[in-house]
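Read off the chains here:
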Amino acid sequence: MLIAGNWKMYKWPSETAAFCGGLWERLAGTSGVDVVICPPYTSLAEAVRPFDRTDVAVYAQNVHWAEEGAFTGEISTRMLLDLGVDGSLVGHSERRQHFGESDETVARRTVAALEAGLRVIACVGESEEEREAGQTELVLRVQVETLADAVGAHEHLAVAYEPVWAIGTGKTATPEQAQEAHAFIRSLLDVPLLYGGSVKPENADELLAQPDVDGALVGGASLDVESFAAICEAAARIRS
Ligand code: PGA
């Protein structure tokens, strides 16, 4: 089980060390779950330090495909590795929606990150209109096949299924909807599959209990040590 916390554009560097210390203390004794946190770039160094030589991994929220170059505002694989960062999210729906990320750029970022030795959680998911129009599988097929063609079932790749209508809305996919989408994704690309979209301590158990759900990508509930730790504990319970 893999539980990743996506902080999005929250938490200053000065808040990060206290959070990491608190999380580490709170998770002492929890086993059977891989924990990842994805702070904003400005907090990565603050997060890497306390988790150095622990099992908690630190990922960025995005990464560019070039090692360096004239790409204002972007961050390269080399920069992340130099800082001691373990991996990166790629293709989050907020990047796709607001910053023009396409399946092609998601694939380029993923290939470069994996080749550089970073781990990747690549995000896919349909919008509300696409689901209502009965296009969920079509959309997932295009997104996942682009990744599968680019990198295949790479051992450092995980995919997060995040239905866009469930992100930050409090509307969670039902465990059945999550399972159905995950089974479909797995038929295209067999890598660890995380569910994301309003995951909270109250719904984590039943989502994580689904046979094709291998973990969760948690947004809002990852900003609080107590709720994030409770989700990590739910994952540990299920696999023990
Ligand atoms: P949420 O976000 O848990 O706040 O819905 C999930 C995500 O965007 O990764």
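The structure under discussion appears in the preceding block.
A few points on the structure. From a predicted model like this one, the values you see are computed outputs, not experimental measurements. For every chain, the first residue of the written sequence is number 1, and numbering continues from 1 onward in sequence order. It should be noted that, the model being predicted, local features are given only for residues of pLDDT at least 70 and side-chain atom pairs only at 80 or more, the latter also being counted only at that level, while totals for whole chains, interfaces and linings use all residues. Only hydrogens and water are set aside when side-chain values are computed; all heavy atoms of the structure are taken into account.

**Focus on the nonpolar core**
Across soluble globular proteins, you tend to see nonpolar side chains buried next to one another.
Here's step 1: Core analysis: the largest hydrophobic core is formed by 63 residues, its most contacted members being Ile3, Leu23, Ile37, Tyr195 and Leu208.
Here's step 2: Under the scheme used here, helices are H or I runs from DSSP no shorter than 4 residues and strands are E runs no shorter than 2 residues, and both carry numbers assigned from the N terminus. At eight residues, helix 10 (residues 225-239) tops the list of elements feeding residues into this core.
Here's step 3: Here Leu208 is in contact with Met1, Ile3, Val213, Gly215, Ala216, Ile231, Ala234, Ala235 and Ile238, once residues within four sequence places are set aside.
Here's step 4: Here the nonpolar core consists of buried residues drawn from Ala, Val, Leu, Ile, Met, Phe, Trp, Tyr and Cys, with membership extended through side-chain atoms lying within 4.5 Å. Any residue under 20% of the maximum accessible area for its type is buried, any over 50% is exposed, and the rest in between are partly exposed; the area is computed with a 1.4 Å probe on protein chains only. With 13 residues, the next largest nonpolar core counts Ala4, Cys38, Cys123 and Leu194 among its residues. It only takes one pair of heavy atoms within 4.5 Å for two residues to be counted as in contact.

**Let's talk about the pattern of salt bridges**
Here's step 1: For this analysis, a salt bridge means a side-chain nitrogen from Lys or Arg found within 4 Å of a carboxyl oxygen belonging to Asp or Glu. All told, the structure shown has 15 salt bridges when counted by the stated rule.
Here's step 2: A salt bridge links Lys8 to Glu94; the nearest nitrogen and oxygen atoms lie 2.8 Å apart. Residue Lys8 is found in the loop between strand 1 (2-6) and helix 1 (13-27), and its partner Glu94 is found in helix 4 (residues 93-98); the two are separated by 86 residues along the sequence.
Here's step 3: Residue class for Lys8 comes out buried when judged on its relative accessible area of 18%.
Here's step 4: When its relative accessible area of 24% is taken as the criterion, Glu94 is described as partly exposed.
Here's step 5: With its nearest N and O atoms 2.8 Å apart, the salt bridge here joins Arg109 to Glu101.
Here's step 6: Under the relative-accessibility criterion, Glu101 is labelled buried at 7%.
Here's step 7: One salt-bridge network, held together by shared partners, links Arg186, Asp190, Asp212 and Asp214.

**A closer look at the packing of helix 1 against helix 10**
Here's step 1: Orientation is described by axes fitted as lines to C-alpha atoms, over the contacting stretch for helices, and by angles from 0 to 180 degrees between their N-to-C directions. For the pair helix 1 and helix 10, the least separation of the axes is 10 Å and the interaxial angle reads 35°. The handedness of the crossing between helix 1 and helix 10 is right-handed. Contact residues: Phe19, Gly22, Leu23, Arg26 and Leu27 in helix 1; Val225, Glu226, Phe228, Ala229, Cys232 and Glu233 in helix 10.
Here's step 2: Amino acids outside the nonpolar list (Ala, Val, Leu, Ile, Met, Phe, Trp, Tyr, Cys, Pro) and the charged list (Asp, Glu, Lys, Arg) are all regarded as polar, and Gly is one of them. Classifying every residue of the contact of helix 1 with helix 10 gives seven nonpolar, one polar and three charged. Crossing chirality is assigned from the near helix's rotation relative to the far helix, an anticlockwise turn below a right angle marking it left-handed and a clockwise turn marking it right-handed.

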